[in-house]
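# Examination of the molecular architecture
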Amino acid sequence: MEAMFCSEERYASLTVYFSTIEEKQSVCDLLKKLLEGSGLEPDVTIVPVSEEKKGELVIEFHDDYDRKAQPLVDTLASTLNFTFI
């Protein structure tokens, strides 16, 4: 899967581009597991792009002063083999 990461002072955003329902589900399942007990509460938006089940999953972290989102993003990327664009 392809992904794009953006980080500024207190904000981080990870956009994951999926091609199948299975890819979307694998991201959602792992994200849910990683968020349990982390204290992080990102905004998650899923945007369908086409009728072929393609779309984007956007995870936004606001007021991330201590950059606690970075390890979560790193784990998602390495576990699901993201290619960053």
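Before reading on, note that the structure itself is shown above.
Below, the structure is looked at part by part. Bear in mind that the values here come from a model prediction, so they are computed numbers and not experimental data.

## Observations concerning the nonpolar core
- The biggest cluster of nonpolar side chains holds 20 residues, and the ones touching the most others in it are Leu-14, Val-16, Ile-59, Phe-61, Leu-72, Leu-76 and Phe-82.
- Those elements that place two or more of their residues in this core are strand E2 (11–18), helix H1 (21–35), strand E4 (55–61) and helix H2 (69–80).
- It is H2 that contributes the most residues to this core, 6 residues altogether.
- In this structure Phe-82 touches Met-1, Ala-3, Leu-14, Val-16, Leu-76 and Ala-77, once residues within four positions along its chain are discounted.

## Some details on unusual backbone geometry
- One non-glycine residue, Arg-67, lies in positive phi territory at about 55°.
- Within the secondary structure, Arg-67 is located in the loop between E4 and H2.
- Overall, Arg-67 belongs to the partly exposed group, its relative accessible area being 43%.
- Not every positive phi belongs to a glycine, and Asn-81 is a case in point at roughly 55°.
- Within the secondary structure, Asn-81 sits in the loop between H2 and strand E5 (83–84).
- The exposure class assigned to Asn-81 is exposed, which follows from its relative accessible area of 58%.

## Description of the pattern of salt bridges
- Per the stated rule, a full pass over the model turns up 1 salt bridge.
- The closest approach of N and O atoms between Asp-63 and Arg-10, which form a salt bridge, is 3.4 Å. Residue Asp-63 is found in the loop between E4 and H2, and its partner Arg-10 is found in the loop between strand E1 (2–8) and E2; the two are separated by 53 residues along the sequence.
- Classification of Asp-63 as partly exposed rests on a relative accessible area of 46%.
- Residue classification places Arg-10 among the partly exposed positions, given a relative accessible area of 41%.

How each quantity is defined
Residues numbered from 1 in each chain as written. Predicted model: local features only at pLDDT ≥ 70, side-chain atom pairs only at ≥ 80, totals over all residues. Heavy atoms only, no water. Core = buried A, V, L, I, M, F, W, Y, C linked by side-chain atoms within 4.5 Å. Buried < 20%, exposed > 50% of the residue type's maximum accessible area, 1.4 Å probe, protein only. Helix = DSSP H or I, 4+ residues; strand = E, 2+ residues; numbered from the N terminus. Contact = heavy atoms within 4.5 Å. Salt bridge = Lys/Arg side-chain N within 4 Å of Asp/Glu carboxyl O.

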